[in-house]
Amino acid sequence: MKKSGIFALLFVLISLIALARNPVKEMGRLQVNGTQLADQKGQPVRLTGVSLGWSCFHPRFYTAGTVSWLKNDWNVNVVRASMGIDPADGYLENPKGNIQRMETVIDAAIKEGIYVIIDWHAHTIHTAEAKAFFDRMSKKYSKYPNVIYEVFNEPEKQTWNEVKNYAEEVIRTIRKNDPDNVILVGCPEWDQRIDLVQKDPIKGLKNLMYTVHFYAATHGKWLRDRTDAAMHAGIPVFISESAGMEATGDGKLNDTEWQNYIDWMNTRKLSWITWSVSDKKETCSMLLPTASSDGNWKLSDLNESGIKTRDFLRQYDNRGNRIEKFHWGGRVQKSSYNKGLLTGPGSYVEFEFEGKSVDVLLESVDTYAHHNWIALEVDGKYMGRIKIEPGDARKYKIEGVNRSPRHRVRLTKATESSNGYIEFDGTGINALPYTVQLRKKIEFIGDSITCGMGNDQSYLPCGQGEWFDQHNAYLAYGPVLARKLGADYLLSSVSGYGMYRNWNTERPEEPILPDVYGNLFLNGTGKSDFDNDYQPDIVSIALGTNDFSDGDGRKERLPFNSHKFIGNYIEFVQMIRKRYPNAQIVLLNSPMVSGGKNRRFVEYLNEVKDFFSNDTQYPPIQIFEFNEMTPKGCGYHPDNTDDAVMAQEMYPLFEKLLKE
């Protein structure tokens, strides 16, 4: 066969593959089911795509070629056509030209089998003009399930009552022609005041959603919390505009906060659109001037925001389900889906690869250069620890264990937060898609015993090397118990910390565990919120060993204060219950505290339990008592065999609670 014939055949095959991918044919006319966008059968779906820039500023990208490329290369299942209203050459000044641009994009989306948002991209109210426009659009496109109407992009200074009255008029106009297709309504203050909608939503209308917009470098966790509250109250939310930079559309990307938003939207199954397909010299314009008006863009035609958005979008299937390749657990700070910091003990990243071996890029990150430790599991088998040498990131080869060509790797941070963090970069890994098993979840809160201090002498015996060379959170009792139960786990623990005082200090000489718990990095410096998306089924609290300790025997130690211990414990449980309202809380004593101290310890735990005995809003508190032991690890800590015994003791109660 001649080369021209080969190329022709390849073109035909590529075209057939593109045509075969038809999200609208698969999902049909969308509907709103509760707070969730759903397909024509009522099954949850989500839309993930991009917004074209203002039609009056960037008309050159309002082409069929752009829409086709976004579908087939960027993997969008929706595009948003943003018709500028007020600016020069906008709809008010040039209605014919803007309608033509919009219809070019709408017609292309219908041909490509993807959804399209018809966005009235205004910041002020123009009721008569909006009604005339949407009357025309709904008459022409009502028969197509592809179409979604966005009646007001971003109200700025209008009250919710003004926006609501306007929206109700425009919606009535649309519904005369199109009774079913989804309609999106904005909310005040640039689509951040979804709480106002929560107090007074539009009533009596179906297939209606409200838009929230975020720019990750400006809008932090507070906007996610506000949106969560609205959704919990029954408000359906669609993220119709978002990006990773400042709300001005410029400035640096906040990769970590953007990833937090992506993870949040994945968890909530929220549809999202990124702004924008344009080539203005600003961070949010995803294209450079070299980009063609008809697609076929190289990576060199995209700016950083464009490259990152394309990377996000290519992780989803037709229905907006994320195609998982890297699974993260524990206290981690992700900067992308395949790169991030393992911050807390027991935090991990998991992936699968095909072949005999894979190279992983790891770096020990701290304010000073020192090594760190990773526990390695391959194909479900523990392979020991990897020493992450100080200095720049370097590659570490990992070989498969089983005979299958497909292998699963889990890398777990063995050392504590105080030893710095380990950065994993999976950019060069050809990871395979795989399904993460839905498992029960347990959070283990505690001190050095919980994070595995001194439990692993496989590299060096006690007293040799650095203090953390015998540290292995993977072999601590919590992770061991979780694996026995087939559950996922999270460790929130710091050596030496207690409930009201620490091993050798009194508060406020240094923070206690309740002080640092809400910080992702488990320290008292800096500010990085530990989000509550994990939502465990059980929270195990093992704090008190250090409160009861006599310290080093040299520094003056105040007598144990039972009132402070019990009071702080009650406050901490209240905070945990507020954070995880459905979780079963289990209070643990310590195998390291014995005799009279242990009797008082258990007595105080029962006082904490009794404090909540009449609170029927939450699951009742449980108490678990370890058997006393003489530990065999370093510094009078359990070793890995002791941890295994502790996990076995806990197993019956935790198995019972997970089944309830």
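Residues numbered from 1 in each chain as written. Predicted model: local features only at pLDDT ≥ 70, side-chain atom pairs only at ≥ 80, totals over all residues. Heavy atoms only, no water.

**Let's talk about the overall build of the protein chain**
Of the regular secondary structure elements, the protein chain holds 17 helices and 25 strands. Against the 2.2 N^0.38 benchmark of 26 Å for 660 residues, the protein chain shows a C-alpha radius of gyration of 28 Å, consistent with a compact globule. Projected onto its principal axes, the C-alpha coordinates of the protein chain cover approximately 85 × 70 × 40 Å. In the protein chain, buried positions account for 59% of the 660 residues. Across the protein chain, the fraction of contacts at a sequence separation of at least 24, relative to all contacts at a separation of at least 6, is 74%. Split by element, the accessible area of the protein chain, about 27,300 Å² in all, is 51% carbon and sulfur. Charge separation in the protein chain, taken as the distance between the mean sites of 79 positive and 85 negative side-chain charges, equals 6 Å. (Helix = DSSP H or I, 4+ residues; strand = E, 2+ residues; numbered from the N terminus. Rg over C-alpha atoms; globule rule 2.2 N^0.38 Å. Buried < 20%, exposed > 50% of the residue type's maximum accessible area, 1.4 Å probe, protein only. Contact = heavy atoms within 4.5 Å. Areas by Shrake-Rupley, 256 points an atom, 1.4 Å probe, with all protein chains shown as cover. Lys, Arg positive; Asp, Glu negative; His and termini not counted. Charge placed at Lys NZ, Arg CZ, Asp CG, Glu CD.)

**Comments concerning the pattern of salt bridges**
Under the definition given, this model contains 41 salt bridges. In this structure, Arg-80 engages Glu-150 in a salt bridge whose closest nitrogen and oxygen atoms are separated by 2.8 Å. Of this pair, Arg-80 sits in strand β4 (residues 78-84) while Glu-150 sits in strand β6 (residues 147-150), placing them 70 residues apart in sequence. On the basis of relative accessible area, Glu-150 is assigned to the buried category, the value being 0%. One network of salt bridges, in which partners are shared, links Arg-80, Asp-119, Glu-150 and Glu-241. (Salt bridge = Lys/Arg side-chain N within 4 Å of Asp/Glu carboxyl O.)

**Things to note about the packing of aromatic side chains**
Going through the model one piece at a time under the given rule, you end up with 42 aromatic pairs. With a centroid separation of 6.1 Å and an interplanar angle of 50 degrees, the aromatic rings of Trp-120 and Phe-134 are classed as tilted. In this pair, Trp-120 is assigned in strand β5 (residues 115-121) and Phe-134 in helix α5 (residues 127-141), connecting sequence segments 14 residues apart. Relative to Phe-626, the ring of Tyr-477 has its centre 6.0 Å away and its plane inclined at 75 degrees; by these criteria the two rings are edge-to-face. Of the two residues, Tyr-477 is situated in helix α12 (residues 477-485) and Phe-626 in the loop between β25 (622-624) and α17 (640-659); the sequence distance between them amounts to 149 residues. Comparing Tyr-477 with Phe-626, the two get one shared label, buried. Each member of the aromatic cluster is reached from another via a ring pair, and the members are Tyr-500, Phe-548, Phe-560, Phe-565, Tyr-569, Phe-601 and Tyr-604. Stacked on the ring of Tyr-517, the Lys or Arg Arg-331 has its end atom at 5.3 Å from the ring centre. For the cation-ring pair, Arg-385 lies above Trp-373, with the distance from its terminal atom to the ring centre recorded as 4.2 Å. (Phe/Tyr/Trp six-rings, centres within 6.5 Å; stacked < 30°, edge-to-face > 60°. Lys NZ or Arg CZ within 6 Å of the ring centre and 35° of its normal.)

**Focus on the packing of helix α15 (residues 562-579) against helix α16 (residues 595-611)**
When two helices pack together, their arrangement is given by the angle between the helix axes and by the axis-to-axis distance. Here α15 crosses α16 at 45 degrees, and the two axes come no closer than 10 Å. Put simply, α15 runs oblique to α16. Pair α15 / α16 crosses with right-handed handedness. Across the interface between the two elements, Ser-562, Phe-565, Ile-566, Tyr-569, Ile-570, Val-573 and Gln-574 of α15 pack against Phe-601, Tyr-604, Leu-605, Glu-607, Val-608 and Phe-611 of α16. Partitioning the contact of α15 with α16 into residue classes produces ten nonpolar, two polar and one charged. (Axes fitted to C-alpha atoms, helices over the stretch in contact; angles between N-to-C directions. Parallel < 35°, antiparallel > 145°, perpendicular 65-115°, else oblique. Left-handed = near helix turned anticlockwise from the far one by under 90°. Nonpolar A, V, L, I, M, F, W, Y, C, P; charged D, E, K, R; others polar.)

**A few points about the state of the cysteines**
One pass over the structure, following the stated rule, counts one disulfide. The disulfide that involves Cys-462 links it to Cys-634, with 1.9 Å between the sulfurs. Across the S-S bond linking Cys-462 and Cys-634, the dihedral sits near -85 degrees, which makes this disulfide left-handed. Here Cys-634 lies in the loop between β25 and α17 and Cys-462 lies in the loop between β21 (441-446) and α12, a separation of 172 residues in the sequence. Note on Cys-462: relative accessible area 32%, which makes it partly exposed. A disulfide-free cysteine, Cys-187 has its sulfur positioned 20 Å from the sulfur of Cys-284, the nearest such atom. The cysteine Cys-451 is free of any disulfide, with Cys-634 supplying the nearest cysteine sulfur at 14 Å. (Disulfide = S-S within 2.5 Å.)

**Let's talk about the sheet that holds strand β19 (residues 406-413)**
Reading across the sheet, the five strands line up as β11-β14-β19-β16-β17 and stay open at both edges, with antiparallel pairing between neighbours. Of all the strands in the sheet, just β11 (326-329) and β17 (381-388) have a single pairing partner and so form its edges. Looking at each pair of strands side by side, their axes are set apart by 25 degrees on average, direction ignored. Relative to β19, strand β16 (residues 372-378) is paired through five bridges, and the arrangement is antiparallel. Counterpart to Glu-377 in the pairing with β19 is Arg-410. (Pairing = 2+ DSSP bridges.)

**Focus on the environment of Pro-23**
One can find Pro-23 in helix α2 (residues 23-27). For Pro-23, a relative accessible area of 0% translates into the label buried. Spatially, the C-alpha atoms of Pro-23 and Leu-47 are 9.6 Å apart, while their sequence positions differ by 24 residues. Not counting residues within four places of it along the chain, the set of residues in contact with Pro-23 comprises Gly-28, Asn-77, Gly-113, Ile-114, Tyr-115 and Asn-318.

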